[in-house]
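# Tertiary structure, described
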Amino acid sequence: MSCGIVRGMIAVRLMRRWAWTVLRSSVLVAAVLAASLPARVSPQAAGARYIVLASTTSTENSGLFAHILPRFTAKTGIAVRVVAKGTGQALRIARNGDADVVLVHHRSAEERFVAEGHGVERRDVMYNDFVLIGPAGDPAAIHGLRDAPGAFAQIAATGAPFVSRGDDSGTHRAEQRLWQLAGIDVREASGTWYRETGAGMGTTLNIAAAMGAYTLVDRGTWLSFKNRGDLRILVQGDRRLFNPYGVILVNPDKHPHVKAEEGRAFIDWLTGEEGQLAIASFRVDGQQAFFPNAR
Amino acid sequence: MSDSITAFGRAWALIAAADATLIEIILLTLRVSVSAVAVAAAAGLPLGGALALYRFPGRRAVVVALNALMGLPPVVVGLAVYLLLSRSGPLAPLGLLFTPAAMIIAQIVLVTPIVAALTQQVIEDLWEEYGEQLRSLGAGPGRAVFTLLRDARYSLLTAVLAGFGRAIAEVGAVLIVGGNIAHVTRVMTTAIALETSKGDLALALGLGLILIALSVSVNAMAYGIRDYARLRHG
Amino acid sequence: MALFRGAGGEAPPSTGLRTGCRGETRDSQVFPGGAAGDAQPLRPDSPLAQPAEGGDILPLLVRGVRYEARGVALVDGLSLDLRAGGRTVLLGPNGAGKSLTLRLCHGLLRPHAGEVRWLGPDAARARDFQAMAFQRPVLLRRTALANVTYALSLKGIARPARRKLALRALERTGLLALAHRQARVLSAGEQQRLALARAWALRPRVLFLDEPTANLDPAACRAVEAIIEAVDAAGSKILMTTHDLGQARRMADEVLFMHRGRLLEQTPAAEFFERPRSDEARSFLRGELLQ
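Residues numbered from 1 in each chain as written. Chains lettered and ligands numbered in written order. Predicted model: local features only at pLDDT ≥ 70, side-chain atom pairs only at ≥ 80, totals over all residues. Heavy atoms only, no water.

## A short note on the overall build of chain C
For chain C, the count of helices and strands is 8 helices and 10 strands. The proportion of buried residues among the 291 residues of chain C is 55%. A total accessible area of about 12,400 Å² is found for chain C, and carbon and sulfur atoms account for 49% of it. (Helix = DSSP H or I, 4+ residues; strand = E, 2+ residues; numbered from the N terminus. Buried < 20%, exposed > 50% of the residue type's maximum accessible area, 1.4 Å probe, protein only. Areas by Shrake-Rupley, 256 points an atom, 1.4 Å probe, with all protein chains shown as cover.)

And the structure:
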């Protein structure tokens, strides 16, 4: 074998080795890069200053936050990170100190939260209302009723399927209060015509649409919900369907790491003129979804 | 029906437009899952290898437990990590809740048992072939574990990929500890869950298609590398 | 507290074809297409010409050894003496317990009864001065050279010396040209030679070989035999099994004949092939099937 051929073979082998090494190390580098990649800079994530807002699925899913929060961030440089859960869970997160501000919709729970010292003070922010929706066929014949508890009683009487959140959310608690007013113990019916999803509003609506069932939903979520099937609003306008939202700063005396200053700035803005105007200007399909009512 | 047809359209439109939010979500998804799998592999590979070779009292129980942990419910893991990282929990000072780091931790917990259990099986099989030779050469168990891990590296890729698949497809745990915060902790699966709950099923399905494509391409890449290397190394 | 997992049960039965090296003359070319350095007589100054310093572990004393699997004795009442020098061949039909005996001597298996004892002055470090090659070579997924240096590293040999010793071992086994090839893509014959190179590089006082040529064609088989002769010439004791009578005739200085888990004779080779002492050995040599 001539020297040239041998040398050529060695060169080929070296090149192959080199290519392999490059391939291997590039995979490694890619992995490391992917791992260390900073979250892409966006207005929400950029600032070192941010607060965590524990809120409800109704406000997040309707698109309200996407509409108003950028204005607050633009003005103050404070990003707002929204964790959207049911009211009960949002308050629990706040109780653990894992949020700086809560914005929820169950007045008595909010007041208890403050009374127990977890929150500083509750302030009115806005309201909308609940609507009772159901299939177009309306087997319980409640369409057009103004009396929500009466409609609930009729549903129970006909045994038409009703889907409940069953997740201790503000909507769930409002619904339970309406059953109470109607004088019906739904615990007994659970699993028959009364179905508890234990899930968020959207999931519950998807189930109602699939089952052709009645359910209670806040107007904001309903307006922005896309998978309606043949569901429609059947009962609305009862004053007992009123759905007020309150905002509370988590008590910094209990949880020293709470960003009290930024949290207060947010609450002041939200309940101030600018925030209230921002809420009022939010539209879903041309309809106003939330009505500001801060004093 | 129409949803599934529009889903392709929506997915394609998002990709074609290189939608900034979508890219951000994809990058975060990869960052979280790749980091989690890297850590899980660093821990799970030696752990599985050691379990395959070392004999100690209670080993069977550990192996059974490990295999059971492969099916760990993500929601439980999410809850446990949440309680750990919460401001009321033992790791409160880290302030990691609702950050990508918390999601990585949850996924590490989910993925490590998968990598370890699959590694244990692979290494045990390989030990059948190598055991006598390695013992004859005087390799202690520690050295033997690393020799076997090295020689089984292409088979172990499958174990790591199984872990990656679990991590990237998981929603329960990251939703709880990440909070699905827009631009901060929103990954593919939580975005899909969100769009589903908004009733935008076409968009949700579209995102799902993109996630599947993502997962398939990572796997295809890994298997491609493995096959090439097998051909070369015999 | 952690116990290293030992191999359990029975050695796999040999399924290899009886190709053997018959028909090959002893002085045919040793390594087909061999590179320089093949099977040259070893220079006395070669590090491979001498076993490592110390390492006087022989003789090996085996007394009353029994080994069983699932309650069945596969080797029983085994007693033998292994002395330094020369090539001892374990002969016997399939299932006689040859492979088990090798593993018991090498310490891969622990006997259920009886004792295996090294009597030389370095007996305490007996493991360091033994090596073994298996019927199916177990090579790591790395280069031929790295397979040898790996084994040397396990013996605690420093890195620069490792490479030198490994290259020397590859040279002696005619594999130098293949040093940087992946071990697993070598031919079966090359793989077995590499396994022997790896064992030889350790400069063992005793080299155990379990059917080292069972799966090889005649040419590769001759190459392996030549290596074994060279290892012997360099001063290592060889204990090997084979069921190939031709190979036994060519290689053996001493024969251990086993049948159904028992050692029937330990006889100098010349005598064994002329006048076997046991009926079973006579039948075996005549090529009759043994029950």
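Structure's up, so let's keep going.
## Side note on helix 7 (residues 148-158) of chain A
Residues and elements named next belong to chain A. Turning to helix 7, its buried residues are Ala-148, Pro-149, Ala-151, Phe-152, Ile-155 and Ala-156. Along the axis of helix 7, the buried residues cluster in a sector spanning 160°; they form a single face. If you follow the buried residues of helix 7, they end up packed against strand 4 (119-135), strand 5 (162-164), helix 8 (170-182), strand 7 (215-218) and strand 8 (231-235). Of the residues flanking the start of helix 7, the one acting as N-cap is Asp-147, its side-chain oxygen 3.2 Å from the backbone nitrogen of Gly-150. Just past helix 7, the residue Gly-159 takes up positive phi, approximately 70°. (Arc of directions from axis to C-beta. Contact = heavy atoms within 4.5 Å. Polar contact = N/O pair within 3.5 Å; in protein donor to acceptor, adjacent residues only side chain to side chain.)

## A short note on helix 9 (residues 188-197) of chain B
Extensive coverage of helix 9 of chain B is indicated by the burial of 8 of its 10 residues. Among all positions in helix 9 of chain B, only B:Met188, B:Thr189, B:Thr190, B:Ala191, B:Ile192, B:Leu194, B:Glu195 and B:Ser197 are buried. On its buried side, helix 9 of chain B packs onto helix 3 (57-61) and helix 10 (201-211) of chain A together with helix 2 (20-53), helix 7 (153-169), helix 8 (172-178) and helix 10 (201-233) of chain B. Where helix 9 of chain B terminates, the next one or two residues include B:Gly199, which has phi positive at roughly 80°.

## Quick look at the interface of chain B and chain C
Counting from both sides, the interface comprises 29 residues of chain B and, opposite them, 29 residues of chain C. Both faces considered, chain B and chain C share a buried interface measuring about 2,900 Å² in area, 51% of it formed by carbon and sulfur atoms. The largest contributions to the chain B side of the interface with chain C come from B:Glu132, B:Arg135 and B:Leu137, which together make up 24% of the buried area. Connecting chain B to chain C are 2 salt bridges. For B:Glu129, the salt bridge goes to C:Arg184, with nearest N and O atoms at 3.3 Å. Seen at the junction of chain B and chain C, the total is 11 residue pairs in polar contact (both at pLDDT 80 or more). At the level of secondary structure, the elements contributing two or more residues to the side of chain B that touches chain C comprise helix 2, strand 1 (54-55), helix 5 (100-137), helix 6 (141-151) and helix 10 of chain B. (Buried area = accessible area lost by both parts, 1.4 Å probe. Salt bridge = Lys/Arg side-chain N within 4 Å of Asp/Glu carboxyl O.)

## A look at the packing of aromatic side chains
Residue and element names in this part refer to chain A. The full count for this structure, using the stated rule, is 16 aromatic pairs over all chains. Between the aromatic rings of Tyr-127 and Phe-291, the centroid separation amounts to 5.5 Å while the plane-to-plane angle is 20°, which identifies the pairing as stacked. Of this pair, Tyr-127 sits in strand 4 while Phe-291 sits in strand 12 (residues 291-292), and the two are 164 residues apart along the sequence. Cluster of aromatic residues (ring-pair linked, three or more members): Phe-152, Phe-162, Trp-179, Trp-193 and Tyr-194. (Phe/Tyr/Trp six-rings, centres within 6.5 Å; stacked < 30°, edge-to-face > 60°.)

## Topic: the packing of helix 9 of chain B against helix 10 of chain B
All names here are of chain B. The N-to-C vectors of helix 9 and helix 10 enclose an angle of 165°; their axes lie 8 Å apart at closest approach. The angle between helix 9 and helix 10 places the two elements in the roughly antiparallel class. Helix-helix and strand crossings are classified by hand; for helix 9 and helix 10 the assignment is left-handed. On the side of helix 9, the interface is formed by Met-188, Thr-189, Ala-191, Ile-192, Glu-195 and Thr-196, while helix 10 contributes Leu-201, Leu-203, Ala-204, Leu-207, Gly-208, Ile-210 and Leu-211. Tallied by class, residues from the contact of helix 9 with helix 10 come to 9 nonpolar, 3 polar and 1 charged. (Axes fitted to C-alpha atoms, helices over the stretch in contact; angles between N-to-C directions. Parallel < 35°, antiparallel > 145°, perpendicular 65-115°, else oblique. Left-handed = near helix turned anticlockwise from the far one by under 90°. Nonpolar A, V, L, I, M, F, W, Y, C, P; charged D, E, K, R; others polar.)

## Quick look at the packing of helix 4 (residues 64-76) of chain A against helix 12 (residues 260-271) of chain A
Residues and elements named next belong to chain A. Put simply, helix 4 and helix 12 touch, their axes get as near as 11 Å, and they point 125° apart. Of the possible angle classes, the one that applies to helix 4 and helix 12 is oblique. Helix 4 and helix 12 meet at a crossing whose hand is right-handed. Contact with helix 4, carried on its side by Ile-68, Leu-69, Arg-71, Phe-72 and Lys-75, involves Ala-265, Phe-266, Trp-269 and Leu-270 of helix 12 and no other residues of that element. Broken down by class, the residue content of the contact of helix 4 with helix 12 amounts to 7 nonpolar, no polar and 2 charged.

## Notes on a nonpolar patch on the surface
Residues and elements named next belong to chain B. There is a patch of nonpolar side chains on the surface, built from Leu-84, Leu-91 and Leu-94 and spanning about 250 Å² of accessible area. Note on placement: Leu-91 falls in the loop between helix 4 (74-85) and helix 5. Taking relative accessible area as the criterion, Leu-91 reaches 34% and is therefore assigned partly exposed. (Patch = residues over 30% accessible without salt bridge, like charges linked within 9 Å, V, L, I, M, F, W, Y side chains within 5 Å.)

## Re the sheet that holds strand 6 (residues 130-133) of chain C
The pairing of strands in a sheet happens through backbone hydrogen bonds and is either parallel or antiparallel. All names here are of chain C. Pairing is mixed in the open sheet, where 6 strands are placed in the order 6-7-8-4-9-10. Each having just a single partner strand, strand 6 and strand 10 (262-268) make up the two edges of the open sheet. Put simply, the sheet's adjacent strands are angled 15° from each other on average, direction ignored. Judged from the 5 bridges that link them, strand 7 (residues 206-210) and strand 8 (residues 237-241) form a sheet pairing that is parallel. Within the sheet, the bridge partner assigned to Phe-208 lies in strand 8 and is Leu-239. Packing against the sheet, helix 1 (residues 98-106) makes contact with strand 4 (87-91), strand 6, strand 7, strand 8 and strand 9 (254-259), and its axis sits at approximately 155° to strand 7. (Pairing = 2+ DSSP bridges.)

## Let's talk about the sheet that holds strand 2 (residues 60-69) of chain C
Residues and elements named next belong to chain C. Taken in spatial order, the 3 strands of this open sheet run 3-2-5, and their pairing is antiparallel. Edge positions in the sheet fall to strand 3 (72-82) and strand 5 (113-118), since each of these pairs with one other strand and no more. Direction aside, the axes of adjacent strands within the sheet are offset by 25° on average. Alignment of strand 2 against strand 5, held across 5 bridges, turns out to be antiparallel. Among the inter-strand pairings, Leu-61 is bridged to a residue of strand 5, identified as Arg-117. Packing against the sheet, helix 1 makes contact with strand 2, strand 3 and strand 5, and its axis sits at approximately 60° to strand 3.

## Examining the environment of C:Leu82
Residues and elements named next belong to chain C. Turning to its location among the elements, Leu-82 is positioned in strand 3. Leu-82 gets classed as buried once you look at its relative accessible area, which sits at 0%. Along the primary structure Leu-82 and Val-206 are separated by 124 residues, whereas in three dimensions their C-alpha atoms are 9.8 Å apart. Setting aside residues no more than four positions away along its own chain, Leu-82 makes contact with Leu-58, Pro-59, Leu-60, Thr-88, Lys-237 and Leu-239.

## Description of the confidence of the model for chain C
Residues and elements named next belong to chain C. The pLDDT averaged across chain C works out to 83; a share of 80% of its residues lies at or above 70. Confidence drops under pLDDT 50 across residues 1-19; counting only partners more than four residues distant or on other chains, this segment forms 49 contacts. Considering only residues more than four positions removed or in separate chains, one finds that residues 23-47, a stretch of pLDDT under 50, has 42 contacts. (pLDDT = per-residue confidence, 0-100.)

## Here's the deal with the side chain of C:Asp210
Structurally, the position occupied by C:Asp210 is in strand 7. Side-chain polar atoms of C:Asp210 contact the side chain of C:Arg103, separated by 2.9 Å.

## Structural notes on the pattern of salt bridges
Residues and elements named next belong to chain A. The full count for this structure, using the stated rule, is 35 salt bridges over all chains. The salt bridge involving Glu-274 is made with Lys-75; its shortest N-O contact spans 3.2 Å. One end of the pair, Glu-274, is in helix 13 (residues 273-280); the other, Lys-75, is in helix 4, and 199 residues separate them in sequence. In this structure Glu-274 comes out as partly exposed when scored by relative accessible area, which is 42%. Judged by relative accessible area, which is 54%, Lys-75 ranks as exposed. The shortest N-O distance in the salt bridge between Arg-123 and Glu-121 comes to 3.7 Å. Accessibility expressed as a relative area gives 42% for Glu-121, which makes it partly exposed. Sharing partners across several salt bridges, the network here consists of Arg-107, Glu-110, Glu-111, Arg-122 and Asp-124.

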